[in-house]
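Per-entry structural report
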Amino acid sequence: MSADILSFEEAMENFDPVLGFEVHVELNTKTKMFDAAPNAFGDQPNTNTTPVSLGLPGVLPVVNKKAVESAVRLGLALNCSIAPVSHFARKNYFYPDTPKNFQTSQYDEPIAFDGEITVELEDGTPFTIEIERAHMEEDAGKLTHKGGATGRIQGAEFSLVDYNRAGVPLIEIVTKPIVGAGDRAPELARVYVAAIREIVKNLGISDARMERGNVRCDANVSLMPKGSTTFGTRSETKNVNSLRAVERAVRYEIQRHAAVLTAGDAIVQETRHWHEDTRSTTSGRPKSDADDYRYFPEPDLVPVVPDPEWVEQLRAELPEPPSERRKKLKAEWGYSDQEFRDVVNAGVLDEIEATIAAGATAGAARKWWMGEIARLANVRGTEIAELGVTPEHVVEIESLIGAKTINDKIAKQVIGHIADGEGSPAQVVEARSLAVVSDDGVLLTAIDDAMAQMPDVVAKVQAGKVQAVGALIGPVMKATKGQADAGRVRELILEKLGIN
């Protein structure tokens with residue numbers, strides 16, 4: 001952490017935070033927003049392009065109907081009003097990854113407006129967030145900076161541009177200013193973005209993989225002195241693409257703003273960049289107002305006029321809300337209120353559901369996702385979803401444990417090796433010779449050694465203190481590198497000592 005920030009507690013003593021979020025959701029349509037170029041992730045650079053997505057002279061865009069449908073469905077899920085008529089506009093600015101030198105977006109006439117969602121904080125406290133609008137637009141391309149030490153534009157010798165993403169359909173969800181969160185503002189930021197991700201996944205309109213940029217958040221933060229109702233100058237931390245980073249970025253900006261204001265200085269209205277390695281933000285560019293973008297109606301696209309009957313049909317076909325789904329899953333799995341809240345807050349609800357569907361028990365699924373997998377993700381500083389462990393892996397691990405091929409201790413090692421990309425659980429066990437030692441001869445040799453080293457413990461067991469046998473099991477487990485079945489070791493020790 002930088003020295004030029006206040007502690008979070010001191011910031012909260014003197015200021016009230018005001019938040020605002022702009023969440024960009026990439027749609028999973030087959031083609032782009034305004035042309036027939038494929039919308040696919042991971043293809044060779046600059047292969048998913050057409051003259052339209054490259055912004056070549058003389059081309060004309062055509063609106064993707066599926067994208068409009070997705071926008072309407074998302075607007076309905078956010079409890080928005082759907083505009084009877086909405087228009088596209090040109091948002092003018094120059095970036096190397098925006099080949100037209102403008103972005104086709106929506107400005108004062110979005111497809112959806114005036115909505116709200118209620119989210120639950122970690123302790124179950126509800127918080128309602130008002131939605132200003134949800135509008136359709138296109139994504140920019142992707143720049144890869146080369147020659148520097150960090151992979152960022154600062155210090156890079158040159159940049160490579162990939163236009164595969166240029167023109168990919170986006171829906172931007174903009175909140176109204178959020179007040180009243182207090183010291184729970186960072187938590188609220190994480191919970192809100194998680195809720196948006198859950199909604200779009202539930203609708204099936206986005207893959208919602210934050211590590212791929214399918215869901216990105218621009219987090220706006222300003223502070224008001226305690227007792228004031230006048231909003232301060234805001235900063236906007238751009239393109240934050242993990243739940244953990246959103247929470248940390250909001251916390252850091254609150255602390256930074258508080259330090260600047262306490263010193264008597266003014267906040268600069270600007271964009272900021274979040275750096276996970278230093279857990280801090282750095283200045284980007286002065287934040288433009290709407291006038292600076294010189295919005296004007298897109299002359300090459302007709303207005304979007306959704307049929308009211310079609311809108312009502314889409315409303316009727318919406319899946320059950322995520323809140324209802326959670327209630328149903330909690331009842332099916334038999335989790336306590338706290339256990340289920342922990343699962344939701346950890347962001348592993350989908351993983352646990354898929355693990356149970358693949359054959360694991362609810363208890364086993366929760367044990368692994370909330371236990372070793374969550375611990376490993378925390379140690380490695382990554383999101384659980386990015387670790388590389390799948391529901392199928394967990395089911396296979398449980399199968400190996402059930403067959404007594406491995407035990408819980410070995411299973412934890414296996415999970416680490418899976419996360420390292422070493423293959424399936426069975427492949428890891430075979431390649432690293434991690435199977436439980438099932439040869440009684442090997443176990444008896446280790447037992448003899450342990451008994452020879454601990455004759456006093458042997459005497460206690462023979463005298464009737466059977467619980468003391470645990471002291472003999474430990475050395476045997478150590479001698480077999482944790483690969484013995486502790487239950488079988490106990491049986492062999494008692495047999496050897498003639499105890500039923």
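Everything quoted here is computed from the prediction, not taken from an experiment. (Residues numbered from 1 in each chain as written. Predicted model: local features only at pLDDT ≥ 70, side-chain atom pairs only at ≥ 80, totals over all residues. Heavy atoms only, no water.)

A few words now on the overall build of the protein. Within the protein one finds 17 helices and 14 strands. The principal-axis extent of the C-alpha atoms belonging to the protein is close to 90 × 55 × 50 Å. Within the protein, the fraction of its 500 residues that count as buried is 46%. In the protein, the proportion of contacts linking residues at least 24 apart, taken out of those at least 6 apart, comes to 68%. Summed over its atoms, the accessible surface of the protein is roughly 23700 Å², and 50% of this surface lies on carbon and sulfur atoms. Between the centroid of the 55 positive side chains of the protein and the centroid of its 75 negative side chains there is a distance of 4 Å. (Helix = DSSP H or I, 4+ residues; strand = E, 2+ residues; numbered from the N terminus. Buried < 20%, exposed > 50% of the residue type's maximum accessible area, 1.4 Å probe, protein only. Contact = heavy atoms within 4.5 Å. Areas by Shrake-Rupley, 256 points an atom, 1.4 Å probe, with all protein chains shown as cover. Lys, Arg positive; Asp, Glu negative; His and termini not counted. Charge placed at Lys NZ, Arg CZ, Asp CG, Glu CD.)

Take the pairing of strand S13 (residues 280-286) next. As paired elements, strand S12 (residues 270-275) and S13 share five bridges and run antiparallel to each other. Residue Arg-272 lies in a different strand from S13, and its bridge partner there is Ser-283. The loop that links S12 with its antiparallel partner S13 comprises four residues; one of these, Arg-279, has a positive phi angle of about 50°. (Pairing = 2+ DSSP bridges.)

What follows concerns the sheet that holds strand S5 (residues 112-120). The nine strands are arranged S2-S5-S6-S9-S1-S10-S11-S12-S13 in an open sheet whose pairing can be described as mixed. With partners counted over all chains shown, the strands left at the sheet margins are strand S2 (81-82) and S13, one partner each. Along the sheet, helix H4 (residues 243-262) contacts strand S1 (15-26), strand S10 (215-225), strand S11 (235-240), S12 and S13; its crossing angle with S10, the most-contacted strand, is approximately 30°. (Axes fitted to C-alpha atoms, helices over the stretch in contact; angles between N-to-C directions.)

Take the domain arrangement of the protein next. Taken domain by domain, the protein holds domain 1 (8-314), domain 2 (320-431) and domain 3 (440-496). For domain 1 versus domain 2, the separation of C-alpha centres amounts to 31 Å. Of the residues lining the interface, 13 residues belong to domain 1; the matching set on domain 2 comes to 16 residues. Both sides of the domain 1 and domain 2 interface together cover about 1200 Å² of buried area, and 37% of this is carbon and sulfur. (Domains from an automatic or database assignment. Buried area = accessible area lost by both parts, 1.4 Å probe.)

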